[in-house]
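These are the residues of each chain, in order.
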Amino acid sequence: MGKKQRGGTLLGIIIGALLGLGAALAVAVYVTKVPIPFLNKGQSHSAENDAAEAKKNKDWDPNTSLAGKNAVRPSAAASGPVGAASAPVATAPAVAASAARAAKAPVSEDPLGDLARAKAEAKPKAEASTSGAGVDPFSYFIQAGAFRTPEDAEQQRAKLSLLGFQAKVTEREQSGRTVYRVRLGPFDKKEEADKTKEKLDSNAVETALVRVQR
């Protein structure tokens, strides 16, 4: 009777141990197959974030913030092999700014000298423009004779005065001698001098047209 009781107890222990192992195995299988709240959700969210971040880094253009809204993004066909460094694409504002900088005149190291040279170059142009505008660079005189004595010159001047012409007597050294000239003028325009000469010639007065640099 005592042996049967010990045998039943041992069998019950073995059966209980087997049932416990089976239950533990079932729990382990259930735990591995059923998703764990919070943990699995965090893992899935992290994987999605990693994929999105990788795609964002792949399409990121370092020149986007510098070029502005008009930036030209390189196409996939023109970007070249994967992993190759692409050169920044020049935008319209950048090209315009470069052209403006290139058009600027270099800063002179001698501004005063440049100003003097500019004035010297402008002076002949101004004179040419003035002469081309009708201003004669010469003054004109009508000479009504040159005499050896002042008395003869004064006599000629008085004769011209009677005819209505105002003349002057001037002295000049010629061939080592003093010559007294009787002249009318000066005239600013040659046309005026020619008209006066014609009037004197019509009164039998011998004259000569004299041109003098202003």
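Everything below is about the structure printed above this text.
Residues numbered from 1 in each chain as written. Predicted model: local features only at pLDDT ≥ 70, side-chain atom pairs only at ≥ 80, totals over all residues. Heavy atoms only, no water.

Caption draft 1: Geometry of the overall build of the protein chain. Within the protein chain, the secondary structure is distributed over seven helices and four strands. When the helices and strands of the protein chain are listed from N to C terminus, the series reads α-α-α-α-α-β-α-β-β-α-β. Residues counted as buried form 14% of the 214 residues belonging to the protein chain. Considering only contacts in the protein chain between residues 6 or more positions apart, those separated by 24 or more positions represent 62%. For the protein chain, the accessible area works out to roughly 17,300 Å², and carbon and sulfur atoms hold 60% of it. (Helix = DSSP H or I, 4+ residues; strand = E, 2+ residues; numbered from the N terminus. Buried < 20%, exposed > 50% of the residue type's maximum accessible area, 1.4 Å probe, protein only. Contact = heavy atoms within 4.5 Å. Areas by Shrake-Rupley, 256 points an atom, 1.4 Å probe, with all protein chains shown as cover.)

Caption draft 2: Representation of the pairing of strand β1 (residues 138–147) in the model. Where burial is concerned, most of β1 is hidden: eight out of the 10 residues are buried. Two strands pair when backbone bridges link them, and β1 and strand β4 (residues 208–213) are joined in this way by six bridges, in the antiparallel orientation. The residue of β4 that forms the bridge with Phe141 is Val210. Here β1 runs beside strand β3 (residues 177–187); their pairing, made up of five bridges, is antiparallel. Pairing of Tyr140 across the sheet is with Phe187, part of β3. (Pairing = 2+ DSSP bridges.)

Caption draft 3: Region of interest: helix α7 (residues 190–202). Over its 13 residues, α7 extends 18 Å from the first C-alpha to the last, a length consistent with the 18 Å expected when each residue adds 1.5 Å. Here α7 has its buried residues at Ala193, Thr196 and Leu200. Mapping the buried residues of α7 onto a view down its axis gives an arc of 65°, with all of them on the same face. Exposed residues on α7 whose side chains face more than 90 degrees from its buried face are Glu191, Lys195, Glu198, Lys199 and Ser202. (Expected span 1.5 Å × (residues − 1). Arc of directions from axis to C-beta.)

Caption draft 4: Region of the structure containing the pattern of salt bridges. Applying the stated rule across the entire model yields four salt bridges. Here Arg157 and Glu154 are joined by a salt bridge, their closest N and O atoms 3.0 Å apart. Within this pair, Arg157 and its partner Glu154 are both found in helix α6 (residues 150–162), separated by three residues, close to a single helical turn. A salt bridge links Lys197 to Asp201; the shortest N-O distance between them is 3.1 Å. Here Lys197 pairs with Asp201, and both are found in helix α7, just four residues apart, close to one helical turn. (Salt bridge = Lys/Arg side-chain N within 4 Å of Asp/Glu carboxyl O.)

Caption draft 5: Inspection of the side chain of Ser139 at higher detail. Among the secondary structure elements, Ser139 is positioned in strand β1. Judged by relative accessible area, which is 14%, Ser139 ranks as buried. Filtering out sequence-adjacent residues up to four positions away, Ser139 remains in contact with Pro186, Phe187, Val210, Arg211, Val212 and Arg214.

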